[in-house]
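Listed below are the residues making up each chain.
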Amino acid sequence: MKITHFEPDFVHALPILRAIEAAGYEAYFVGGSVRDALLELPIHDVDIATSAYPAEVKQIFTRTIDTGIQHGTVTVRDHGHSYEVTTFRTESGYQDFRRPDHVTFVRSLKEDLKRRDFTINALAMREDGTILDLFHGLDDLKAHLIRAVGDPNQRFHEDALRMMRAVRFESQLGFTVEAQTAAAIKTQHELLSKIAIERTHSEFAKLMLGIKRHNGLTTFIQSELYTQCPDFATHRDDLISLSQLNDQQLTDEASAWLLIANAFKLTVAQTRKLLKDWKSSNELIATVAAGVKLLPLIVTGSAQPLDLYHAGADVLRITLEAAEILQGVAPETWQTQYDALPIHDKHELAINGKDLMERLQMQPGPQLGKALNGVERAIVLGQLENNESAILKWVQANAE
Ligand SMILES: Nc1ccn([C@@H]2O[C@H](COP(=O)(O)OP(=O)(O)OP(=O)(O)O)[C@@H](O)[C@H]2O)c(=O)n1
Ligand SMILES: [Mg+2]
């Protein structure tokens with residue numbers, strides 16, 4: 001098997017591979033970029049594995065950064081690009097189920113590939129495009145199977161996050177977790193509790209944004225992995241309902257959490273707590289919480305111009321994405337209504353507080369805030385034109 005069409009990212013990285021080889025070592029493209037190139041998907045992060053030890057890699061290139069030198073990773077800078085070059089390694093220990101006690105550098109590609117998670121991720125590509133397939137990853141790519149390299153129990157003991165990666169790839173690639181690998185996840189699902197929630201969160205979000213969300217969620221539920229996730233354990237039936245929604249692909253993680261909040265029938269406060277427990281960013285929490293408020297209004301057709309205005313473009317977009325999946329609500333009608341609002345943000349008002357103070361001799365304080373809010377509201381509702389003289393007149397009339 002040989003790749004003949006090279007993505008630009010590979011082309012740019014070729015001189016790195018060639019330089020390492022010219023110095024007498026082996027070097028290969030490995031991991032997700034090789035998998036995705038074979039699937040004809042866009043590639044990102046080209047990873048390079050080499051028989052050269054980190055100190056040897058550093059001698060070959062003029063510009064290097066010690067990214068994770070104790071794990072064998074050196075970043076090589078070349079023409080504005082960065083490449084992670086990692087020495088072939090084996091790992092042992094894994095007392096805490098997430099990081100190896102020691103890393104041993106080795107000179108053999110096979111030793112390196114055999115401790116990787118799945119066969120489709122254990123392919124290596126030579127500089128000429130030849131694929132080295134030591135664990136039948138090509139067969140599994142063809143059969144759309146996610147199969148652990150060697151003993152699945154051992155692979156999940158080494159890094160319990162791999163169980164989440166399995167269900168993530170299932171959804172992201174539209175593959176199926178192979179039976180023995182799935183059985184091992186079920187047996188070992190409790191190990192996921194050892195993993196930092198941020199890492200589980202990141203995999204779960206990728207699952208929710210994948211092309212086969214239904215498949216990923218089904219294995220996530222059947223394997224009991226969900227029981228190890230914050231605030232999910234008591235929601236098995238709700239998660240099943242979530243998995244049975246139409247499989248339309250989501251474009252934003254916030255829409256996914258909105259669907260979850262809806263399936264779990266959470267209040268705004270409960271939604272905030274759930275997202276906090278998943279260590280979400282404040283931005284994500286605010287967006288989803290606002291979506292929880294807006295969603296029922298959209299689904300029942302009762303949202304008013306002010307509701308759309310206060311929600312704003314981002315919240316509206318994710319809410320419409322969720323509403324379309326839940327009830328087949330056509331997003332265009334609402335989007336058109338939103339676009340037609342006279343203004344979309346306070347800053348678009350033809351006056352501000354300073355203008356009111358200067359022109360109407362108003363004093364700073366609650367009165368001023370109230371006047372501005374009234375102006376904003378009247379303009380959104382189409383009761384007042386957004387120009388300075390109309391607004392000043394309106395404020396004077398309403399102050400009397
Ligand atoms: N828990 C993990 C994480 C990664 N890997 C190996 O390291 C490679 C690169 O890891 P990463 O970039 O995290 O994942 P990718 O498989 O490249 O997927 P993505 O496209 O999301 O980057 C993987 O392909 C796999 O060979 C592994 O064995 N076990
Ligand atoms: Mg990657």
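Residues numbered from 1 in each chain as written. Chains lettered and ligands numbered in written order. Predicted model: local features only at pLDDT ≥ 70, side-chain atom pairs only at ≥ 80, totals over all residues. Heavy atoms only, no water.

Undergrad: It is not clear to me how helix H15 (residues 305-327) should be interpreted in this structure. Could you clarify?
TA: An α-helical turn contains 3.6 residues, so a residue and the one three or four places further along point in the same direction. Between its first and last C-alpha, H15 extends only 21 Å over 23 residues, short of the 33 Å set by a 1.5 Å rise per residue. At Gly312, H15 is bent by approximately 105 degrees, the largest bend along its length. A positive backbone phi angle near 65 degrees is found at Gly328, which sits one or two residues after H15. (Helix = DSSP H or I, 4+ residues; strand = E, 2+ residues; numbered from the N terminus. Expected span 1.5 Å × (residues − 1). Bend = angle between axes of the 7 residues up to and from the residue.)

Undergrad: I tried to follow the domain arrangement of the protein on my own but got confused; where do I start?
TA: Accessible area lost during the coming together of the parts is what is often quoted as the interface size. Taken domain by domain, the protein consists of domain 1 (1-143), domain 2 (144-247), domain 3 (250-341) and domain 4 (346-398). A straight line from the C-alpha centre of domain 1 to that of domain 3 covers 41 Å. (Domains from an automatic or database assignment.)

Undergrad: What is the right way to look at the environment of Gly129 in this model?
TA: Position of Gly129 relative to the elements: it lies in the loop between strand E8 (124-125) and strand E9 (131-132). The class of Gly129 is buried, set by a relative accessible area of 0%. For Gly129, the residues in contact, after removing those within four places along its chain, are Met1, Lys2, Ile3 and Phe6. (Buried < 20%, exposed > 50% of the residue type's maximum accessible area, 1.4 Å probe, protein only. Contact = heavy atoms within 4.5 Å.)

Undergrad: Just checking my understanding: could you explain the site of ligand 1 for this structure?
TA: Looking at ligand 1, there are 15 residues lining it, with Arg35, Asp117, Asp159, Arg162 and Arg168 nearest. Side-chain polar atom of Arg116 to an oxygen atom of ligand 1: 3.0 Å apart, as the coordinates give it. Contact between ligand 1 and Arg162: a nitrogen atom at 2.9 Å from a side-chain N or O atom of the residue. Burial of ligand 1 by the protein chains amounts to 78% of its free accessible area of 560 Å². Looking at the shell around ligand 1, the elements that each hand over two or more residues are helix H2 (32-38) and helix H7 (161-173). For the shell around ligand 1, the element with the most residues is H7, which contributes four residues. Residues belonging to the shell around ligand 1 are distributed by class as follows: one nonpolar, four polar and 10 charged. (Near = heavy atom within 4 Å. Polar contact = N/O pair within 3.5 Å; in protein donor to acceptor, adjacent residues only side chain to side chain. Areas by Shrake-Rupley, 256 points an atom, 1.4 Å probe, with all protein chains shown as cover. Nonpolar A, V, L, I, M, F, W, Y, C, P; charged D, E, K, R; others polar.)

Undergrad: Hey, could you run me through the sheet that holds strand E5 (residues 81-87) in this one?
TA: Backbone hydrogen bonds hold the strands of a sheet together, and the pairing may be parallel or antiparallel. If you walk across this open sheet you meet the seven strands as E3-E4-E5-E2-E1-E8-E9, and the pairing is mixed. Only two strands of the sheet have a single partner each, and these edge strands are strand E3 (64-68) and E9. In the sheet, E8 pairs with E9 via two bridges, with the strands oriented antiparallel. What sits directly across from Met125, in E9, is Ile131. (Pairing = 2+ DSSP bridges.)

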